[in-house]
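# Structural overview
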Amino acid sequence: MIIVMKQQTPKQMALDVMERIKEMDLEPVLLEGTERNVIAVIGDERIVDEHVLNSLEGVEKVMPVLAPFKLASKEHSSEKSAIVIAPGVTVGGKRLAIMAGNCAVETIETSLATAAAVKKVGANIQRGGAYKPRSSPYSFQGLGAEGLEILQQAKEKSGLPIVTEVLDTRHVELVAKHADILQVGTRNMQNFELLREVGNSKKPVLLKRGMAATLDEFLMSAEYVLSSGNPNVILCERGIRTYETATRNTLDISAIPVLKQMTHLPVIVDPSHAAGKRDYVSALARAAIAAGADGLLLDVHPNPSQSLVDPDQALTFEHFAELMDEIKLIATAVGREV
Ligand code: PEP
Ligand code: MN
């Protein structure tokens with residue numbers, strides 16, 4: 001960390017700041033300049049509240065050197081993390097992780113049909129929400145525990161591991177019993193108690209970016225899970241809120257290369273919740289893989305117009321199969337496989 005003192009402030013002010021730094025168990029080094037003094041701080045600056053230093057008399061600015069997210073950063077691990085979900089299913093390896101299924105779990109028939117259809121064309125994980133975060137309390141809220149049982153049965157039949165959302169700290173234990181990946185949705189990205197709880201569970205966690213979260217905030221949320229002792233975090237870009245209304249959200253494609261530079265964690269993309277409209281999903285999915293995403297999370301339904309949640313964005317089985325053919329071509333071009 002570098003602390004820049006204001007121009008022409010007495011040296012004593014810099015010495016006072018250095019005293020405070022020593023009290024914080026860090027080592028300050030004074031660099032006396034002709035115009036102004038600068039203090040270099042040696043040690044793990046992440047334990048220091050930058051705002052406290054900024055508020056000290058004579059301080060002009062405080063410039064952190066290390067990323068504030070310690071465990072998520074490349075400084076912690078320069079090797080790309082690959083998260084093992086089940087035997088033969090990894091997120092962050094050469095093979096893309098294709099998570100596909102219903103937005104919400106509906107019936108055993110729908111789940112079984114979907115699992116069979118998506119598996120046949122190359123999906124390796126089934127999605128489905130038993131607990132649904134809905135904007136309206138009057139909308140279908142998901143089947144809850146019954147939905148988890150359906151997912152369990154679908155998994156036994158298809159062999160596909162399950163990703164499903166956990167909304168509440170009270171449900172983590174139950175959801176973790178059935179799920180292979182615990183999804184934390186966009187609305188809960190900064191539910192710090194939930195992040196700690198899924199961190200304690202040690203199950204792989206799929207963390208979706210908050211719809212108004214910066215990438216720094218996204219990684220600080222991942223840090224909550226990591227620092228609770230769970231290294232298995234998958235990041236998911238799912239579109240952010242912008243002024244554009246033509247799509248449900250604006251897919252931030254730049255997030256993929258930027259996150260790849262900031263963190264060792266795998267990054268997948270949910271083009272379904274980004275687009276909000278079926279017609280745009282495939283193009284966004286292709287773009288995501290071309291930009292280096294480690295996988296996709298997609299809404300697929302045997303009869304989208306009958307889907308209880310997000311009918312506009314679900315792909316039909318045929319549409320999904322076509323997309324998988326396209327993804328295979330792009331995967332080869334970028335050195336990945338499906
Ligand atoms: C979902 O994936 O079902 C979902 C609710 O997504 P998001 O949290 O991104 O809105
Ligand atoms: Mn949905």
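Rules used in this analysis
- Residues numbered from 1 in each chain as written.
- Chains lettered and ligands numbered in written order.
- Predicted model: local features only at pLDDT ≥ 70, side-chain atom pairs only at ≥ 80, totals over all residues.
- Heavy atoms only, no water.
- Pairing = 2+ DSSP bridges.
- Helix = DSSP H or I, 4+ residues; strand = E, 2+ residues; numbered from the N terminus.
- Core = buried A, V, L, I, M, F, W, Y, C linked by side-chain atoms within 4.5 Å.
- Buried < 20%, exposed > 50% of the residue type's maximum accessible area, 1.4 Å probe, protein only.
- Contact = heavy atoms within 4.5 Å.
- Donors = N, O, S within 2.8 Å, 3.2 Å for Na, K, Ca; no water.
- Right-handed = clockwise from strand over helix to strand, strands pointing away.
- Domains from an automatic or database assignment.
- Polar contact = N/O pair within 3.5 Å; in protein donor to acceptor, adjacent residues only side chain to side chain.
- Near = heavy atom within 4 Å.
- Areas by Shrake-Rupley, 256 points an atom, 1.4 Å probe, with all protein chains shown as cover.
- Nonpolar A, V, L, I, M, F, W, Y, C, P; charged D, E, K, R; others polar.

With that settled, consider the pairing of strand β1 (residues 2–5). Sheet analysis places β1 next to strand β4 (residues 59–63), joined by four bridges and oriented antiparallel. Across the sheet, the residue bridging to V4 is K61, located in β4. Bridge count for β1 against strand β3 (residues 38–42) is three bridges, and the pairing is antiparallel. Within the sheet, the bridge partner assigned to I3 lies in β3 and is I39.

Further remarks concern the nonpolar core. Ranked by internal contacts, the top residues of the largest apolar core, which has 37 residues, are L182, V198, L207, V233, L235 and L259. If you list the elements that add at least two residues to this core, you get α4 (145–158), α5 (172–178), β10 (181–184), α6 (192–201), β11 (205–208), α7 (215–227), β12 (233–237) and α8 (255–262). If you tally residues by element for this core, the top one is α7, at six residues. In contact with V198, other than residues within four places in its own chain, are V166, V172, L182, V184, K203, V205, V225 and N230. Among the nonpolar cores identified, the runner-up in size contains 27 residues, and V121, A285, A293 and A331 belong to it.

Ligation of the manganese ion (ligand 2) by protein atoms is provided by C103 (SG), H273 (NE2) and D310 (OD), these donors lying 2.0 to 2.1 Å from the ion. Binding-site remark: the manganese ion (ligand 2) is held by donors from one chain whose sequence spacing is C-x169-H-x36-D. Of this pair, C103 sits in strand β7 (residues 97–104) while D310 sits in the loop between β14 (295–299) and α11 (317–333); the two residues are 207 residues apart in sequence, bridging distant segments of the chain. Judged on exposure class, the residue C103 and its partner D310 are both buried.

Turning to unusual backbone geometry, a few remarks are in order. Positive phi outside glycine occurs at K202, with the angle close to 70°. Along the polypeptide, K202 turns up in the loop between α6 and β11. Under the relative-accessibility criterion, K202 is labelled partly exposed at 43%. Even without a glycine there, the phi angle at D310 is positive, about 50°.

Attention shifts here to the pairing of strand β8 (residues 125–129). For β8, the buried fraction is high: five of the five residues fall into the buried class. Here β8 shows no split at all, with I125, R127 and G129 on one side and Q126 and G128 on the other all buried. Each parallel crossover has a hand, and for β7 linked through helix α3 (residues 108–120) to β8 it is right-handed. Pairing of β8 with strand β9 (residues 162–165), which is carried by two bridges, proceeds in the parallel orientation. Residue pairing in the sheet places Q126 in a bridge with I162 of β9.

We now examine the domain arrangement of the chain. Structurally, the chain comprises domain 1 (2–63) and domain 2 (83–333). Taking the mean C-alpha position of each, domain 1 and domain 2 sit 44 Å from one another.

On the secondary structure map, T110 appears in helix α3. Classification of T110 by relative accessible area gives buried; the value is 13%. A polar contact of 2.7 Å, which involves the side chain of T110, links it to the side chain of T107. Residues within four places of T110 in sequence aside, it is in contact with N102, H301 and P302.

Moving on, we get to the site of ligand 1. Inspection of the region around ligand 1 gives C103, R127, K132, P133, E165, Q183, G185, T186, R187, K208, R238 and H273 as its neighbouring residues. R187 has a polar side-chain atom sitting 3.1 Å from an oxygen atom of ligand 1. Interatomic distance of 2.6 Å between a side-chain N/O atom of R238 and an oxygen atom of ligand 1. Relative to its unbound accessible surface of 300 Å², ligand 1 loses 97% to contact with the protein. Per-class residue counts for the shell around ligand 1 are two nonpolar, four polar and six charged.

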